[in-house]
Amino acid sequence: MLHSTKALSDVLRVYAPQAEAVWLCVFDPDERRVAMAREGEHWVCEAPRPGVRYGLRADGAHAPEANLWFDPAKLLVDPGAQVLDRAFSFHPALSAHGVDTANLVPKAVYAPEGARPAPAPQPARGRVVYEVNVRALTLENPEVDARVRGTVAALAHPSVLAHFDRLGVEVIELMPITAWIDERHLPPLGLQNRWGYNPVTFSALDPRLCPGGPEELRRVIETLHGTGRAVVLDVVYNHTGESDALGPTLSYRGLSPEVYAWNHGLVNHTGCGNTLDCAHPAVISDVLASLKHFASLGVDGFRFDLGPVLGRGPEGFDPHAPLLRALGEEPLLRDRTMIMEPWDIGPGGYQLGGFAAPTLEWNDRFRDDLRRFWKGESRVGELATRLSGSSDIYRDSTRSVNFVAAHDGFTLWDTTSFTQKHNEANGEDNRDGHNENHSWNHGVEGLDHGLAEVRRNDVLSLLALTLLARGTPMIGMGDGSGHSQNGNNNAYCQSFPLDWSNADAGLEAAVGAFARLRQSVGALTGQELLTDADVSWRAPDGGAPDWDGRCLAMQLGPVTLCINGSGEAQDFAAVVGAGTEVLGRNHVVPARAVHVFVAPD
């Protein structure tokens, strides 16, 4: 391992090839410095005792224009740390050369990894995924002890497990829970990063979300496994919170800045001020060490933020780049589910369909085409392609993660309520966030309660299509409960906890019914692309569909989806025959609605 200080016997190893000196700084309680010895590109010394707090300092050239940021006044967090004594907090002194930061930077707690074997992974592909912000999901749950709300431990509470049961979700995808720091523009605005996509190190859990450290995460995963669920972690290996040339020096920047992509300035393919060079051996080593650490705790899969960065090299994106290839070759990882966010903001950064099998991908084409159809801007031909597994994107089998809303964008309820984003509270004059959301309202902009039932029908119809389409379905936190962010489509610095007292119980029950239907019918869970041999497409009168129209019946095994995107009710009796409607309605499908029928045995 190039960076990580996890046990090589009792030796601590730090990768810092351009440093002129490196010190281990032990706090017991006052700082005591131990000079480390150079060993090639590394610096080594005897490791601290387990439980001891420590940091690092490094000296060398300070020439930011040449990507050299050495400053012995800066206390640095070990890139391989697994436990921190407190959370990161931004302070201007973290960016000031020559200012000591020992009182500002969290200390790592030395915790050599034990030899406990990793449990076999639970499957995630093809199962219903629930994307969760740990803090927002549980912060206002009155049944959870106030001391536990907002933490990983709350996910194991019976009331939260019951919430998962009601929705029928099988995979819990946790937004980042590793330690992060606020972007420097947020504290002056009185705001905090609430999403966690601004990490400093890769393996240390954020003490605000997981105060019990790795063992807390392990226990919660064991509980979720006991209910038959898998756990996927959202991980960020594309940049660090040390940001651009004006950012703080916290870890990598002060030890081995060569791990950042550098071309006459910090490359910013991430929009976060820097980009890690994922073709660098040190980065590959640290990413693999982080993934193996979490796999050893029982994590079943990973969702990679800005995935194309992991495959970038001198010639651009390569689906067989060293790091991506290593994910499939590492024994502890090869059976874990890998999910990519298949875009970044750099040249050639949109790579939907560009990753190698069996990697899954977030499919924003599914999101946009379903929204456009429901808004009235497209026809059933495009919709059928998405429901069939997106054969225009994938070959042989679908690798599509199907969703209509996620953390990054409008909630599903807000998609049906706002035509424009409302991000004024973010302090950027509503310039941040996506401008093209394919969203709509029903004549009244905002959360008009008189339109609640109409919007509720839109939400349920879109979730039904998502849950019954070919691929791996994902629903966003609260989207099955009527959750809103008041029109904010970039709520990374806002707190919008799930309102447990006003959750839409009827909507939750309906979503759960569709999820359980999916789980009970084998034809719905296959991952092969659907062909005309698998599925029958029909018009409401039973004839051939009008692919340029707004109505369609999709028959797959015993299940028939009756989709009415028109402005008038449609009678699908000729299609459904004696089938039973899942939610107890009938074959006359109202305007802008989806009914689902199951044929008798």
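For the structure itself, consult the block above.
So, here's what we can say about the structure. (Residues numbered from 1 in each chain as written. Predicted model: local features only at pLDDT ≥ 70, side-chain atom pairs only at ≥ 80, totals over all residues. Heavy atoms only, no water.)

**Section: unusual backbone geometry**
Turning to step 1, where the next piece is worked out: Here the residue pair D28 and P29 is connected by a cis peptide bond, since its omega of -5 degrees sits within 30 degrees of zero.
Turning to step 2, where the next piece is worked out: If you trace the backbone, P29 turns up in the loop between β2 (21-27) and β3 (31-35).
Turning to step 3, where the next piece is worked out: Along the chain, A357 connects to P358 via a cis peptide bond; the corresponding omega equals 10 degrees.
Turning to step 4, where the next piece is worked out: Note that P358 resides in the loop between β16 (337-340) and β17 (360-363).
Turning to step 5, where the next piece is worked out: Even without a glycine there, the phi angle at N430 is positive, about 65 degrees. (Helix = DSSP H or I, 4+ residues; strand = E, 2+ residues; numbered from the N terminus.)

**As for the packing of aromatic side chains**
Turning to step 1, where the next piece is worked out: For the structure shown, the criterion picks out 14 aromatic pairs.
Turning to step 2, where the next piece is worked out: When the ring of F317 is compared with that of F355, the centres are 5.0 Å apart and the planes differ by 65 degrees; the resulting orientation is edge-to-face. Of this pair, F317 sits in strand β15 (residues 316-317) while F355 is found in the loop between β16 and β17, placing the two residues 38 residues apart along the sequence. Taken individually, F317 and F355 each receive the classification buried, so the pair is uniform in this respect. (Phe/Tyr/Trp six-rings, centres within 6.5 Å; stacked < 30°, edge-to-face > 60°. Buried < 20%, exposed > 50% of the residue type's maximum accessible area, 1.4 Å probe, protein only.)

**Comments concerning the sheet that holds strand β22 (residues 559-564)**
Turning to step 1, where the next piece is worked out: Spatially, β20-β21-β22-β26-β24 is the arrangement adopted by the five strands of the open sheet, whose pairing is antiparallel. Each edge of the sheet is formed by a strand with only one pairing partner; in this case those strands are β20 (535-538) and β24 (580-581).
Turning to step 2, where the next piece is worked out: For strand β21 (residues 551-556) and β22, the ladder comprises six bridges, and the chain directions are antiparallel. When the sheet's bridge partners are listed, C551 is paired in β22 with N564.
Turning to step 3, where the next piece is worked out: Its contacts with the sheet place helix α8 (residues 380-387) against β20, β21 and β22, and it is angled at close to 25 degrees to β21. (Pairing = 2+ DSSP bridges. Contact = heavy atoms within 4.5 Å. Axes fitted to C-alpha atoms, helices over the stretch in contact; angles between N-to-C directions.)

**A word on the state of the cysteines**
Turning to step 1, where the next piece is worked out: One pass over the full model with this rule turns up zero disulfides.
Turning to step 2, where the next piece is worked out: For C272, which is in no disulfide, the shortest distance to another cysteine sulfur is to C278 and amounts to 13 Å.
Turning to step 3, where the next piece is worked out: Here C562 is not disulfide-linked; the sulfur of C551 is the nearest cysteine sulfur, at 10 Å. (Disulfide = S-S within 2.5 Å.)

**With respect to the side chain of H407**
Turning to step 1, where the next piece is worked out: Looking at the element boundaries, H407 is found in the loop between β18 (400-402) and α9 (412-415).
Turning to step 2, where the next piece is worked out: Of note is the side chain of H407, whose polar atom sits 3.3 Å from the side chain of Y197.
Turning to step 3, where the next piece is worked out: Other than its neighbours up to four places away in sequence, H407 contacts E131, M175, W195, Y197, R303 and W362. (Polar contact = N/O pair within 3.5 Å; in protein donor to acceptor, adjacent residues only side chain to side chain.)

**Some points on the layout of surface pockets**
Turning to step 1, where the next piece is worked out: Its volume calculated, the largest pocket comes out at about 1,300 Å³.
Turning to step 2, where the next piece is worked out: What lines the largest pocket is a set of 48 residues, among which W195, T270, D408, H434 and N490 lie closest to the centre.
Turning to step 3, where the next piece is worked out: Looking at which element gives the most residues to the lining of the largest pocket, the answer is helix α7 (residues 364-375), with four residues.
Turning to step 4, where the next piece is worked out: Looking at the lining of the largest pocket residue by residue, the classes come out as 14 nonpolar, 18 polar and 16 charged. (1 Å grid on protein atoms, 1.4 Å probe; cavity = no way out; pocket = protein on both sides within 12 Å on 5 of 7 lines; lining within 4 Å. Points joined across faces, edges and corners; volume = space filled by probe spheres on them. Nonpolar A, V, L, I, M, F, W, Y, C, P; charged D, E, K, R; others polar.)

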